[in-house]
Structures are given as C-alpha cells and as structure tokens.
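Structure at a glance
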Amino acid sequence: MAGMIPRPFIDDLLVRVDIVDLIDSHLPLKKSGSNYTARCPFHTEKTPSFAVTRSKQLFHCFGCGAGGNAISFLMDFSHLSFVEAIEDLASFVGIEVPRESSTATFKKSTATTSFKVLEQAASFYVEQLRNNPEAKDAVDYLKNRGVSGEVAQEFHIGFAPNSWDSLNKQFKTQELINAGLAIAKESGGAYDRFRGRVVFPIRDRRGRVTGFGGRVLDDSLPKYLNSPETDVFHKGKEVYGLYELLSSNAKPDRILVVEGYMDVIALAQFGLNYSVAALGTATSKDHLELLFRFSSEIVLCFDGDKAGREASWRAVSAAFPCLRDGRQIKIMQLPEGVDPDNLIREIGLENFEQKISESQALSDYFFERLSLGLNLSDIEGRAALINKAKSYLEKLPNGIFQELMQNKLKVLSKVETLDIIKQSTENNTRNRHTKGQADTKLSIIRLTISLLLQNPELVEIIEDKNINWALINLPGVDLLKKIVEIITTNPNVSLPCLLEYFRNTDQEKHIKIMMNHEFYISGAEVKEEFSGAIDRLIRQGTDNRLTQLIDKSRESGLNVQQQKELSTLLAGQK
Ligand SMILES: [Zn+2]
C-alpha cells in the first residue's frame, strides 16, 4: 500500500476516535476517578498502574513509562507499523484512509466501482429471491431452515438465478470480473460466478458488500462457494456477520465464532445475535485480532465432527500471539454430529447460552489436546509434552496469562524449575520504558511545556508577553518554540494530534512525559502558574544573556551592538 497518508487525515482521525473506547476494546478498563485504569499490557504487574485519560486522549503507565496517543497504543499493543496503526484506527472508526499517490487513486477508483457493482448485485439477488418464480427452491430451503422474512432481510439473503449471464446483461463485464462476480472466459467475455444458489452478501464493518457466499440447493458441488480475493474482498481479514452483529450491539460481551453462514443466520433467528463465521478459511490470527477489537471474549463453536475439531485446534493454535491479559478464548465443543444450527433448534436459546457459559477454558483445552496419546506418568511422556507446548507458550505475549500457562505446564510435567519463557524480551521492554520515566521535579522549561501542551489556549499568554526568543538559550527552548508554532498555526490542535508532530523524533519521549505530567491545579490557577513560569523563563533567559555579555566584556570586550544590548538588559533589571 504505497502513498503518503495526508497529515490532515491523521489529525481528523485522532479527533474522531475516543481512546477510552479504543483501548477498552483491547483491554478492559475500569473507571477510577477521572481516569480509566487497567493492569499494564506492556509490563507484568499485579496492581494497575496503566491509566487512560479521556480529556487528554492519552494513555500512560506509571509503572513502566509506556504512553502516547491512540496510534501509539495500537503500534505498541498490536505490534503494528505506523501505517498499519492508522489503517486499523480508521477501520475502528469506520472511515477509509486516503492516499496521496496515483496508483492508490487508481486502486481506489476500481474499489469504488466494485463496491457499487456488488451493492447493486446484492439488491438484484434479493429481488430475485422475492419475485423470480425460479427461486421457489431457495425460498423452500430457507423456510425449511426456519429463516423468517425478517432475518432474511436483515442479512440481505438473495437468490442467484441459474443462468450464465443474469448479471452480464446489466453490468460491464470487466467490472463484474473485478468485483469477483463473473469468471472470464478464455474466448473472451465472462459468465456469472453464482448460479442457482442462495447467496449471502458479506459486508465489511462499514456495511459495504465486499463479496458473496453461495449455497447450492441440490447435491451439486461445491456445496458452498465464496467470492475470490479481489481489491475489496479479503477472506483472511473479514468475517461473515460482523457488520450485522455490530449494528445491533457495538460492544458485545462475547463473540461466538461458528463455521458457516447458515449457523450465523440460524442463531440470529433464535435471538442470538453475536455470532460470526470465517469465510471458508481457517480462523486466522487476523480474524481473532479483528474480533478482539470489539469484545474481550471469543468462543469457538465449531461442528461436532472431525473437520470441526480440527478447525478448533487450528484456531486455538493461531490465537496464541493474540492472547494478552484481559483477552479470553473459550472452546465450546459440540457432541458428534451436532452443529450450532441444529443444537439451538433442539434446546432453545436459553439452554444454548447456558452451554456457551460452560465452554472450556483455552488452557484446559490446549493441554488436554496436547496430552492426547501421551503417557504423563512416565518421563518420556512429560518431556514430549514440554517439547510440544514450548513453541506455543513462547508465542504468548508477556503477562499473567503466560505465567499461568507456564505454571500449568510445570504442574503437568512435574518439572518445578521449568523456565521456557525467554525473559529477555520482557527485560528489554522494561529497560526501554524505565529510561523514559518522568522526573517528579520539573525544570522551568519542562513546566512551561507541560502546561502549554495540556492547555494549548495558554499560547495567548506567550503572544501577549512578546517574548524575545533569541535571548533565551536554555535547553529545551527550541522544543517550546516549535510547540508554540504548531499551536499558533493549528489553534484547535488536540494533545494526540500534537504528539504526531514528534513521532520518531528525539523529542517524542520527552513530549509524552510532559503531556502526562499531573497538575493538581485548575482554571485560573493554571493561567497564573503558566504566566509566572513564562516570566521566570524570560528572566532566566535574560540572566543567562547578561552573564554571557558580562563575561565577554571582561574577556574580549563588546562591540557596539552588544554594548547596547547589555545596557538595555541592565535597564530592565530593577
Ligand atoms: Zn507499564
């Protein structure tokens, strides 16, 4: 994805996002006074010293010094690059990242056309299900599965007629191919991809149709067919039903991951509206990261057959790198031959939800599965278990959960001294953060910057005082000047936006600390404190300059201009 992201977009993005919501979707926060707190995800701790401040739109850990704005959080927490973090944040607030490059513009315009074609195709399929007499089998199929008109409408379920060119008649061939709706023929032209199937539009988080899944109505193969990868459809990154889920509940307590479209729809039919399905692929780390943005608990509920059990294990294996403290994956194992669709039909919503709440914890499931076929009463069996578990446990992010898993392995393997988690990464993180810890006593320039950062409107006082910057040669004054300049040119700049001006500079670390310095004063006191600080700053600057000039006059004498400057300064010292 080439192309620069325009600065005004980043500023706008940071204004739209609420850092409390964002962080809370990754790491459950507790309200505590005017802050929100949690155990820090960046170092191991028992009592919470990680704080998020809504008024400042910043986070800060008093234990390890980690901190920053919403972008910094995503970069640190999800190990994303700057651009990835921007993309993530944009999708969190539901907007698209613009690019300042021609290839990107070209891609964007094909994508825009594809979205339009897909939307129109979805409406066409819905209309076919309603009005085309050929759709009778499809209607019967849905009725037999107990799908009501209401749910069919909610999910925009449609019917693709059994024809080679029902879409070709209405759209441009190349546009259909780009959107994944038609397959190019070698002889030129194209034919419809979905024929004689019930179709399920797959929507992204903004509600745009990105592709379709289709199910046959007879015994022909394949039973399920999905759109291919296109500019707008990425199987590995999207899940079916997420848009519908978030429309009814932006912050579900848990998300249930099932295997197919019909499971999602059947569960919705019974009032369970927090399930999604991977799109004919294994549940990936990307899928889980996506879901963890919206809920801290994910329950895997796959079919009770060999394929379903394998799918659970693959999903669990993929989940390890995402399992930070505060996130939970559970496994709901269904009896042989049972799938979520027929289970909820048989036992009803209440009992089904009861079963969800009895799902197996990931740690139990993991060790149970890993121990299969091993005899843990002999040494070889226990050694094999350690070997198998090692590569998984190493993938876990540092934290309490990682420690608990290691402890569990110690108990099972009866090896008390087991220490397979490399401590080096954690120690590095700790050292890196310790360096950045705030001094409790602020120098005058730090005090000025901290107050200004947290109260940009104070810039007025600086303007009123007409500072002669050239006179002030204290360390840090360039930084202060730069901040004054940014605030003057962007009067409404927020703290998180300000921070972006310093990303990847030597000053970033200092800025973060100063943004987070706690002042226990308010209103008029802030003004007074700041005004006093500026006065002291000016005086210190003048004093410095005076000393310099006096020294110089003693050593080598002053030129005319310097003599003038000296007398002006001395006149000011009353
Ligand atoms: Zn910390």
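What the chain contains, in helices and strands, is 24 helices and 17 strands. With respect to the principal axes defined by its C-alpha atoms, the chain has extents near 100 × 70 × 45 Å. For the chain, the proportion of its 574 residues judged to be buried stands at 51%. By element, 50% of the accessible surface of the chain is carried by carbon and sulfur atoms, the whole surface being about 27800 Å². Separation between the mean location of the 70 positive side-chain charges and that of the 75 negative ones in the chain comes to 3 Å.

Let us look at the coordination of the zinc ion. Donor atoms from the polypeptide that bind the zinc ion are Cys40 (SG), His43 (ND1), Cys61 (SG) and Cys64 (SG), placed at 2.1 to 2.3 Å. Around the zinc ion, the four donor atoms sit at angles spanning 102 to 120°, and that spread fits a shape best called tetrahedral. A relative accessible area of 15% means that His43 is categorised as buried.

Side chains that differ in sign of charge can pair as their charged atoms come close. Per the stated rule, a full pass over the model turns up 21 salt bridges. Salt-bridge contacts for Arg16 lead to Asp12; the nearest nitrogen and oxygen are separated by 3.0 Å. Of this pair, Arg16 and Asp12 are both found in helix H1 (residues 7-16), four residues apart, which corresponds to roughly one turn of the helix. Owing to a relative accessible area of 49%, Arg16 belongs among the partly exposed residues under this scheme. For Asp12, a relative accessible area of 31% corresponds to the partly exposed category. As a salt-bridge pair, Glu394 and Lys390 come within 3.0 Å of each other at their nearest N and O atoms. Glu394 gets classed as partly exposed once you look at its relative accessible area, which sits at 30%. Lys390 sits in the partly exposed class, given a relative accessible area of 33%. One continuous salt-bridge network, built from bridges that share partners, spans Glu500, Arg503, Glu508 and Lys512.

Attention now goes to the pairing of strand S9 (residues 197-203). Most of S9 sits inside the fold, with seven of its seven residues counted as buried. Residues Arg197, Val199, Pro201 and Arg203 line one face of S9 and the alternating positions Val198, Phe200 and Ile202 line the opposite face, and both faces are buried. Where strand S6 (residues 158-160) lies against S9, three bridges are found, and the strand directions are antiparallel. Residue Ala160 lies in a different strand from S9, and its bridge partner there is Arg197. Across seven bridges, the pairing between S9 and strand S10 (residues 209-216) is antiparallel. Within S10, the position partnered with Arg197 by the bridge is Val216.

Here we come to the environment of Gly94. With respect to the secondary-structure elements, Gly94 resides in the loop between helix H4 (82-93) and helix H5 (102-131). Take Gly94: its relative accessible area is 28%, and that puts it in the partly exposed class. Sequence separation between Gly94 and Val17 is 77 residues; the distance between their C-alpha atoms is 10.0 Å.

A word on a negative patch on the surface. Together, Glu457, Glu460, Glu463 and Asp464 make up a negatively charged patch on the protein surface. If you trace the backbone, Glu463 turns up in helix H19 (residues 459-465).

Right, let's get into the packing of aromatic side chains. Inspection of every chain in the model, using the stated rule, returns 23 aromatic pairs. Measuring from ring centre to ring centre gives 6.4 Å for Phe50 and Phe73, while their planes differ by 50°; the resulting arrangement is tilted. Of this pair, Phe50 sits in strand S3 (residues 50-53) while Phe73 sits in helix H3 (residues 70-77), and the two are 23 residues apart along the sequence. In this structure Phe50 comes out as buried when scored by relative accessible area, which is 0%.

With that settled, consider the sheet that holds strand S14 (residues 275-278). Pairing is mixed across the open sheet formed by six strands, whose spatial order is S12-S14-S13-S15-S16-S17. Each edge of the open sheet carries a strand with a single partner, namely strand S12 (239-240) and strand S17 (360-361). With two bridges joining them, S12 and S14 adopt antiparallel strand pairing. Bridge assignment links Tyr240 to a residue of S14, and that residue is Ala277.

Further remarks concern the domain arrangement of the chain. Under the domain assignment used here, the chain contains domain 1 (7-93), domain 2 (102-226), domain 3 (239-365) and domain 4 (444-572). The distance between the C-alpha centroids of domain 1 and domain 4 comes to 29 Å. On the domain 4 side, the residues contacting the 19 residues of domain 1 number 13 residues. Broken down residue by residue, the surface that domain 1 buries against domain 4 is led by Arg7, Lys56 and Leu58, which jointly contribute 37%. Taken together, the links from domain 1 to domain 4 amount to zero salt bridges. Where domain 1 packs against domain 4, one counts seven residue pairs in polar contact (both at pLDDT 80 or more). Within the side of domain 1 that touches domain 4, the residues separate by chemical class into nine nonpolar, seven polar and three charged.

Reading the values: rules and limits
Residues numbered from 1 in each chain as written. Predicted model: local features only at pLDDT ≥ 70, side-chain atom pairs only at ≥ 80, totals over all residues. Heavy atoms only, no water. Helix = DSSP H or I, 4+ residues; strand = E, 2+ residues; numbered from the N terminus. Buried < 20%, exposed > 50% of the residue type's maximum accessible area, 1.4 Å probe, protein only. Areas by Shrake-Rupley, 256 points an atom, 1.4 Å probe, with all protein chains shown as cover. Lys, Arg positive; Asp, Glu negative; His and termini not counted. Charge placed at Lys NZ, Arg CZ, Asp CG, Glu CD. Donors = N, O, S within 2.8 Å, 3.2 Å for Na, K, Ca; no water. Tetrahedral: all angles 85-135°; square planar, octahedral: opposite > 155°, others 65-115°. Salt bridge = Lys/Arg side-chain N within 4 Å of Asp/Glu carboxyl O. Pairing = 2+ DSSP bridges. Patch = residues over 30% accessible without salt bridge, like charges linked within 9 Å, V, L, I, M, F, W, Y side chains within 5 Å. Phe/Tyr/Trp six-rings, centres within 6.5 Å; stacked < 30°, edge-to-face > 60°. Domains from an automatic or database assignment. Contact = heavy atoms within 4.5 Å. Buried area = accessible area lost by both parts, 1.4 Å probe. Polar contact = N/O pair within 3.5 Å; in protein donor to acceptor, adjacent residues only side chain to side chain. Nonpolar A, V, L, I, M, F, W, Y, C, P; charged D, E, K, R; others polar.

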